[in-house]
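Observations on chain architecture
Given next are the chains, with one letter for each unit.
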Amino acid sequence: MQTIIVDLFSDTKTRPTAAMRAAMAAAEVGDERAGEDPTVLELEARGQALLGKEAALYLPSGTMCNEIAMAVHCRPGEAVLCEKDAHIIGFEAGGAAALAGVMLEPIIGQRGMFDANTLRRYLRADHLQAPRQRLLEVEQTTNLGGGAVWSLAQLDEVAELAHQAGLATHMDGARLFNAVVASGVAAAEQAAGFDSVWVDFSKGLGAPGGALLAGSGDFIHEARRWQIRIGGAMRQSGIIAAACLHALDHHLHGLVADHRRARQLAEGLARLPGLRIDPDSVATNLIYFTIDAPQWDAKKLAAATLEHGVRLCPMGSRRMRAVTHLDVDDAGIERALQVLGKVLAG
Ligand SMILES: *Cc1c(COP(=O)(O)O)cnc(C)c1O
């Protein structure tokens, strides 16, 4: 394997810092499944307040948050409405069907988002022949949609319409804190229209794992049942939760720098012949660009830059993704641009 010097593949590639590891080593722990881990309980209390809900539950991953939320909100045979590029469609190994037994009805939006007028076209009256629509799901920020940020007005209007139609609402907030930093709107405010919401600690916040799912007391009670059912209850998991608390205290502000670097990278990419990107489309830490140079495709270009220590993420034949995070500094952005320039120039 080549030595990776600048890893722009994903914001999941961060390693715990020395200070984070020290916080983990010092964590007070107990039996989480029995409700006895003080560090997990502290994290759940912090998360519940941050997300503005009655209760919160610490889970091993964001994927498990999505899967449990669908299982709690829906009965088998019902339908979940989400944008066509949603993580729950393409990146959760069919869990929606296998675990919750639900159908996913894709909405064709823009950059992973849609407005109430678009949603209205997908809502239907109860009909014996059609699956019952039970849940609306949105992603904040949109992953495959390019890291775009839903405005508060748009979140509120789709949530309100869904509720009027009798649907519950769920927010996949894998990068909700990126949206908070980009928009200045508090997480609780963004999540206010949603019956359930979760945030990830293993993306831009740089923890080794864990996510917080929040909702009403009844919702979290049922979520705990599902957590145990699918083996998501851990024991002395305060060791990992301590990393999440450390991230909340020390890494939120770092997202500002991630967004600035993403913008710098996008502007640099726009100047390179053979690549196409609109830097204005980069709102947070995800950068998607297109390869126009006919002699290159995404896989080939990623392999070539990797030879020089720069890892990128091919997304289809000509689309490429780069992601900024805690472990990429200004020098890393410069190096990535230098390497890409050199490789493309042949
Ligand atoms: C990463 C991601 C998930 C899954 O989170 P994990 O913690 O990796 O399981 C879900 N939704 C979106 C939008 C993501 O980017």
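Residues numbered from 1 in each chain as written. Predicted model: local features only at pLDDT ≥ 70, side-chain atom pairs only at ≥ 80, totals over all residues. Heavy atoms only, no water.

Thoughts on the domain arrangement of the chain
- As far as domains go, the chain holds domain 1 (18–250) and domain 2 (253–344).
- Centre-to-centre, using C-alpha coordinates, domain 1 lies 28 Å away from domain 2.
- Taken together, the contact between domain 1 and domain 2 spans 16 residues of the former and 14 residues of the latter.
- On the domain 1 side of the contact with domain 2, N178, V181 and G204 bury the most area, a combined 34% of that side's loss.
- Counting the contacts that link domain 1 with domain 2 gives 0 salt bridges.
- The tally of links between domain 1 and domain 2 comes to 6 residue pairs in polar contact (both at pLDDT 80 or more).
- Looking at the side of domain 1 that touches domain 2, its residues break down into 6 nonpolar, 8 polar and 2 charged. (Domains from an automatic or database assignment. Contact = heavy atoms within 4.5 Å. Buried area = accessible area lost by both parts, 1.4 Å probe. Salt bridge = Lys/Arg side-chain N within 4 Å of Asp/Glu carboxyl O. Polar contact = N/O pair within 3.5 Å; in protein donor to acceptor, adjacent residues only side chain to side chain. Nonpolar A, V, L, I, M, F, W, Y, C, P; charged D, E, K, R; others polar.)

Things to note about a negative patch on the surface
- A grouping of D115, D156, E157, E160 and E189 is seen on the molecular surface, where their side chains present a negatively charged patch.
- Secondary-structure assignment places D115 in the loop between β4 (103–107) and α6 (116–122). (Patch = residues over 30% accessible without salt bridge, like charges linked within 9 Å, V, L, I, M, F, W, Y side chains within 5 Å. Areas by Shrake-Rupley, 256 points an atom, 1.4 Å probe, with all protein chains shown as cover. Lys, Arg positive; Asp, Glu negative; His and termini not counted. Charge placed at Lys NZ, Arg CZ, Asp CG, Glu CD. Helix = DSSP H or I, 4+ residues; strand = E, 2+ residues; numbered from the N terminus.)

Quick look at the pairing of strand β8 (residues 211–215)
- Judged by how many residues are buried, β8 sits mostly within the fold: 5 of 5 residues are covered.
- Going residue by residue along β8, you find A211, L213 and G215 tucked away on one face and L212 and A214 tucked away on the opposite face as well.
- Pairing of strand β2 (residues 55–59) with β8 involves 5 bridges; the strand directions are antiparallel. The partner of L59 across the bridge, within β8, is A211. (Buried < 20%, exposed > 50% of the residue type's maximum accessible area, 1.4 Å probe, protein only. Pairing = 2+ DSSP bridges.)

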